[in-house]
There are 2 protein chains.
Amino acid sequence: MTAHLGKMVRVWSLLVLLTAAVISHAGASQVLRGTGDLGLIIERASGSVVIIETTGQTKLGRVEGLGDLSHASAVFSRDGRFAYIFGRDGGLTKVDLLRAEIAARVIQSGNSIGGAISQDGRLIAVSNYKPGGVRVFDAENLKMVADIPATMKDGTLSKVVGLVDAPGQKFVFSLWDAGEIWLLDFQAGPEPALSKYRNVGRNPYDALITSDGRYYVAGLFGEDGLAKLDLWNMDAGVSRILDGYGRGEEKLPVYKMPHLEGWARAGDYLFLPAVGRHELLVVDASTWREVQRIPVHGQPVFAVARPDGRQIWVNFAHPRNDTVQVIDVPSMTIVKTYTPGKAVLHMEFTPRGEQVWISVRDDDRVDVYDTRTMEVTQSLRAEKPSGIFLTARAGRTGL
Amino acid sequence: MTAHLGKMVRVWSLLVLLTAAVISHAGASQVLRGTGDLGLIIERASGSVVIIETTGQTKLGRVEGLGDLSHASAVFSRDGRFAYIFGRDGGLTKVDLLRAEIAARVIQSGNSIGGAISQDGRLIAVSNYKPGGVRVFDAENLKMVADIPATMKDGTLSKVVGLVDAPGQKFVFSLWDAGEIWLLDFQAGPEPALSKYRNVGRNPYDALITSDGRYYVAGLFGEDGLAKLDLWNMDAGVSRILDGYGRGEEKLPVYKMPHLEGWARAGDYLFLPAVGRHELLVVDASTWREVQRIPVHGQPVFAVARPDGRQIWVNFAHPRNDTVQVIDVPSMTIVKTYTPGKAVLHMEFTPRGEQVWISVRDDDRVDVYDTRTMEVTQSLRAEKPSGIFLTARAGRTGL
């Protein structure tokens, strides 16, 4: 081989590599597309997420390495490009949905449960069991900007549950061990103001905020009834509602505490999973009083309103978790019963309600239903799927 | 130069060209970004739109050649990438927000007024004055899929107004000349079913659908009161509500008929611009009865609820159109009066309500307000700006 030829081969090799690198970069960029129809499916056992789109109802990618995703949930950046995924092991992962890769990841505690994104999209808050408290991160780079230990009067830390965002750069959460509701207010900047409501009831276990961001309601594991805070009238303190709501005197076996986030509002009514009973409670949304009970197939876990409020879709706790029931709101009757398969864990509607995505964990499947025809239009494989989260949540309060 | 060297130079040149081409392609794709925070501003006089993003509050691009955009409005594809812009001259333009270019454009009639996108995002409907009727297009390529002339009993065509989408692949609209409400139903495919409600009142001039997609309400230019259709109970026909709502006996001078789409729902109340009066009407959302009137600065045009329902922002008709007032819902009082400048035409909130964008036509300016501090945080130049539309509308019914 001549020197010239040798040189030519080296130049050739270099340029092929360079070109390949550029093509590879361009390839990654060819996912130019809108993000309004994107979402993700949590694969709880494998620590991964599947990225989906709801227009063609297909899988776009898969991202691994997210740690323990049992009971994981997600929120989205205001542009819909990034998901923030809260793992059970304290992991907080920012996933780029367009590139299908991890954009940032921190292990922010030893044990955590859910999180929220601020109204302006700049802050991510996580509620922790260990160490008990809330930590707040810069949504851009996941650097910690505030650490709020849930210190009780005896100096120990309480587990934190039921963390939600509220309008005006606020976060609200409950202290399981202390029986308190705290409100963090970042309006003035990175040093938050902190308000505490004490003696709200024993062992708040989960909470929700109404979609207008006005009422924060915490469920109480240690007693019947719920604790309600009106954020438009914070000086009035926390009041008790629905005294019959809870495990009750009979101490029924409760296979799974219902998710309060699953509370559905449809028109003038709220639909609540009863605790331990095969019933859905119907509550007047203006008086917070129970007006009716609807008998259902099992202990409800999620009761989700179709976005137009005309139907409520319900799934159930083990051992009746192979079933989904659909309630017609005007008549308050069950109009459809599905048995999608083993362990139906979650249901997510597209924002205008034409589709609902349902995860069937033990069948490793997610089904898509057309809510007009009430038929399954698509089934996708996923490994032990649990939560399904769509980017439309970015535009909603408390989701 | 040896043959080898010459060959090497040619190979080198070829590869440099190839690499440059690939880089150039990657460059075009570098607008990789989410679409959840995008939007556009109509520049009515110049037939152009400015593409904006609400995270950094900046302009991303400008697209020209959209024809007559007076009274123009826009809807968005379900992925948030494309805007469909309805011009006054019958032009329907599909704009790619990511590439800042026209993706498709048709002149679909001689004179049109607004449009809507179907629940599944596949159909775009346009309401036409000339020829009177509704035309429906494939959202992908803007090919016509249905032509529904608004033929009256005498064989002539009526102008069509108040076109909205409704759940279940429906469109609802009103016939100005005929005094009818028609419902187009595409559930079964491209051949729609058509239902007609006759004698709903004289000269419906605009309409709205409630955000749950249940009630369609048309304003009547020719008489007092409004025509209401309950889409959950269509056999009941059209009923009359708010008999005092309209121009009234006194025939007040009306400088601009209020936009019904501007009706705001906040909690249990609807806030309506009174016609011809310096008042906002407060209506009980469950009974459709007027409960209160709030005196305001001028004849209201739009009354828009902040997404949490705690405030209503109002702009006014000429000659009092330099002002915006903010009403606090719990106290039903005016808490702020702004004078942004000459001809305030439109207000658009970000979906979680932390910002409101306000167009000031004759000052060639759009201002962004922080709804917490109530201060202006950004001002952008735009040529005679009118409507402002954000992609979050893609996830809502009737917007």
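Looking now at the layout of surface pockets. All names here are of chain A. Roughly 1,100 Å³ of internal volume is contained in the second largest pocket. Lining the second largest pocket are 46 residues, with H71, I113, D206, K256 and H259 sitting closest to its centre. Grouping the amino acids of the lining of the second largest pocket by side-chain chemistry returns 23 nonpolar, 14 polar and nine charged.

With that settled, the discussion passes to empty space enclosed by the protein. Following the criterion strictly, the structure yields two cavities of 30 Å³ or more and no others. As a volume, the largest cavity reaches approximately 470 Å³. Lining the largest cavity are 40 residues, with G36, T391 and A392 of chain A together with T391 and A392 of chain B sitting closest to its centre. The residue makeup of the lining of the largest cavity, split by class, is 10 nonpolar, 18 polar and 12 charged. Around the second largest cavity, the lining residues are R352 of chain A together with V75, F76, I117, D165, R393, A394, R396, G398 and L399 of chain B.

Let us look at the environment of I117 of chain B. Among the structural elements, I117 of chain B can be located in strand β8 (residues 111–117). Overall, the relative accessible area of 3% leaves I117 of chain B in the buried class. Here the alpha-carbon distance between I117 of chain B and V75 of chain B, two residues 42 residues apart in the chain, equals 6.6 Å. If sequence neighbours within four positions are ignored, I117 of chain B has contacts with R352 of chain A together with V75, F76, S77, Y84, L123, I124, D165 and F171 of chain B.

Turning next to the sheet that holds strand β4 (residues 73–76) of chain A. Pairing between the strands of a sheet comes from backbone hydrogen bonds, and it takes one of two forms, parallel or antiparallel. Residue and element names in this part refer to chain A. Strand order in the open sheet made by the four strands is β4-β5-β6-β7, with antiparallel pairing throughout. The open sheet terminates on both sides in strands that have one partner only, identified here as β4 and β7 (101–107). Strand-to-strand twist in this sheet, taken as the mean axis angle between neighbours without regard to direction, amounts to 20 degrees.

Turning to the confidence of the model for chain A, a few remarks are in order. Interpretation of this model should avoid reading the predicted coordinates in detail wherever pLDDT is low. Averaged over chain A, the pLDDT score is 90; the fraction of residues at 70 or greater is 90%. Interface scoring of the predicted complex returns ipTM 0.91; its pTM is 0.92.

Quick notes on the rules
Residues numbered from 1 in each chain as written. Chains lettered and ligands numbered in written order. Predicted model: local features only at pLDDT ≥ 70, side-chain atom pairs only at ≥ 80, totals over all residues. Heavy atoms only, no water. 1 Å grid on protein atoms, 1.4 Å probe; cavity = no way out; pocket = protein on both sides within 12 Å on 5 of 7 lines; lining within 4 Å. Points joined across faces, edges and corners; volume = space filled by probe spheres on them. Nonpolar A, V, L, I, M, F, W, Y, C, P; charged D, E, K, R; others polar. Helix = DSSP H or I, 4+ residues; strand = E, 2+ residues; numbered from the N terminus. Buried < 20%, exposed > 50% of the residue type's maximum accessible area, 1.4 Å probe, protein only. Contact = heavy atoms within 4.5 Å. Pairing = 2+ DSSP bridges. Axes fitted to C-alpha atoms, helices over the stretch in contact; angles between N-to-C directions. pLDDT = per-residue confidence, 0-100.

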